[in-house]
Amino acid sequence: MNRVLRETQSIATLQAVIAASRTESATTTSDWKQALPVLTGSMVTLRELRISDATSLLAMLSTEEVARFISPPPTTVEGFERFIAWTHRERSAGNYACFAVVPHGMDTAIGIFQVRQLEPGFGTAEWGFAVGSAFWGTGVFMDGARMVINFAFDTIGTHRLEARAAILNGRGNGALRKIGAMQEGILRKSFLRNGEYLDQALWTILDEDWKQQRVVWGVRVH
Ligand SMILES: CC(C)(COP(=O)(O)OP(=O)(O)OC[C@H]1O[C@@H](n2cnc3c(N)ncnc32)[C@H](O)[C@@H]1OP(=O)(O)O)[C@@H](O)C(=O)NCCC(=O)NCCS
């Protein structure tokens, strides 16, 4: 194959990779404040929470191992129903988005991904996540995380995405490192849990770094 042809083909491959990686955002609704888009990954679908998710979310998220390092989740089905209704109101107001994580072949949520604005207009936002422990280490987190981050950068227009994880939360920090977030520092005694202030790591992803990484991942796949 001659050099020009080979280079033309690799540019075409790169363009295809970029186009493929943008498919999710291309299928999103133009106004996420009206209703969240349905995002389909290789293992899970992300969609708006439904009131009927309350029972499964209670079972998945109120266990000791899941709730240990996060703000205390509701402790009843009714509490989760109120939380779900609140997520819809906050989404309508344009402050926040909360996706249900639904593995392919299932109908109810086994976890959530949340994104909230830290400044008006969502330029800087914070994301958080929790998944039922039966699904830890399965790839569900990575599949969902990739789509939520794309949603934040491509659809909401975030340029800096922050996450906080208690230093003691090995899986939370490991997951953030794995997705490509950068640890910027330690927020000393910033999180009150069970009457004790815990240190947290501040992890960030910038839109330009993510877009760069997305291309690299795409090339690796092909
Ligand atoms: C955070 C959460 C969604 C991540 O999902 P997960 O399926 O556990 O994540 P993964 O297994 O894909 O990735 C975790 C990584 O941390 C690593 N890890 C696990 N324990 C660790 C520890 N003690 N120290 C460092 N890394 C650790 C894992 O080995 C894994 O990396 P690998 O796949 O390269 O081996 C899930 O653990 C969860 O819901 N935890 C409870 C809620 C929570 O803490 N949310 C985060 C708040 S910041």
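Structure: above.
Heads up: these notes are all about the structure in this document. Note that the structure is predicted; figures quoted are calculated from it, not measured.

A few words on helix α6 (residues 140-156). Under the 1.5 Å per step criterion, the end-to-end length of α6 is 23 Å for 17 residues, consistent within 8% with the ideal 24 Å. Among the 17 residues in α6, 14 count as buried, and that is most of the element. In the segment just after α6, Gly 157 is the residue with positive phi, at about 90°.

Every one of the 18 residues lining the ligand counts as a neighbour, but Phe 129, Val 131, Asn 169, Arg 171 and Lys 178 are closest to it. Taking Lys 178, its side chain carries an N or O atom lying 2.6 Å from an oxygen atom of the ligand. For the ligand, the accessible surface in isolation is 940 Å², of which the surrounding protein chains cover 70%. Applying the majority rule of atoms within 2 Å of the grid points places the ligand in the largest pocket. Sorting the residues of the shell around the ligand by element identifies β5 (124-131), β6 (160-166) and α7 (170-179) as the ones contributing at least two each.

Core analysis: the largest hydrophobic core is formed by 53 residues, its most contacted members being Leu 46, Phe 113 and Trp 127. Here this core takes 10 residues from α6, the largest share from any one element.

A few words on the environment of Gln 34. Positionally, Gln 34 belongs in the loop between α2 (23-26) and β1 (39-40). Sequence spacing of Gln 34 and Gly 94 is 60 residues, and the spatial spacing of their C-alpha atoms is 9.0 Å.

This part takes up the sheet that holds strand β4 (residues 111-117). Taken in spatial order, the 8 strands line up as β1-β2-β3-β4-β5-β6-β8-β7 in an open sheet, and their pairing is mixed. Two strands close off the open sheet at either side, each with one partner strand: β1 and β7 (182-193). Where β6 and strand β8 (residues 196-206) come together, 7 bridges link them in antiparallel fashion. Residue pairing in the sheet places Leu 161 in a bridge with Ile 205 of β8.

Here we take up the packing of aromatic side chains. Pairs of aromatic rings are described using the distance from one ring centre to the other and the angle between the two planes. For the coordinates displayed, the defined rule picks out 12 aromatic pairs. Taken together, Trp 32, Phe 99, Phe 122 and Phe 151 form an aromatic cluster joined through their ring pairs.

Here the focus is the pattern of salt bridges. In this structure the tally under the stated criterion is 9 salt bridges. Here Arg 91 makes a salt bridge to Glu 48, at a shortest N to O gap of 3.1 Å. Residue Arg 91 is located in helix α5 (residues 77-92), and its partner Glu 48 is located in strand β2 (residues 44-48); the two are separated by 43 residues in the primary sequence. Given a relative accessible area of 15%, Glu 48 falls into the buried group. One salt-bridge network, in which partners are shared between bridges, spans Arg 116, Glu 126, Arg 160, Glu 162, Arg 164 and Glu 184.

Definitions and cut-offs
Residues numbered from 1 in each chain as written. Predicted model: local features only at pLDDT ≥ 70, side-chain atom pairs only at ≥ 80, totals over all residues. Heavy atoms only, no water. Helix = DSSP H or I, 4+ residues; strand = E, 2+ residues; numbered from the N terminus. Expected span 1.5 Å × (residues − 1). Buried < 20%, exposed > 50% of the residue type's maximum accessible area, 1.4 Å probe, protein only. Near = heavy atom within 4 Å. Polar contact = N/O pair within 3.5 Å; in protein donor to acceptor, adjacent residues only side chain to side chain. Areas by Shrake-Rupley, 256 points an atom, 1.4 Å probe, with all protein chains shown as cover. 1 Å grid on protein atoms, 1.4 Å probe; cavity = no way out; pocket = protein on both sides within 12 Å on 5 of 7 lines; lining within 4 Å. Sits in = over half its atoms within 2 Å of the grid points. Core = buried A, V, L, I, M, F, W, Y, C linked by side-chain atoms within 4.5 Å. Pairing = 2+ DSSP bridges. Phe/Tyr/Trp six-rings, centres within 6.5 Å; stacked < 30°, edge-to-face > 60°. Salt bridge = Lys/Arg side-chain N within 4 Å of Asp/Glu carboxyl O.

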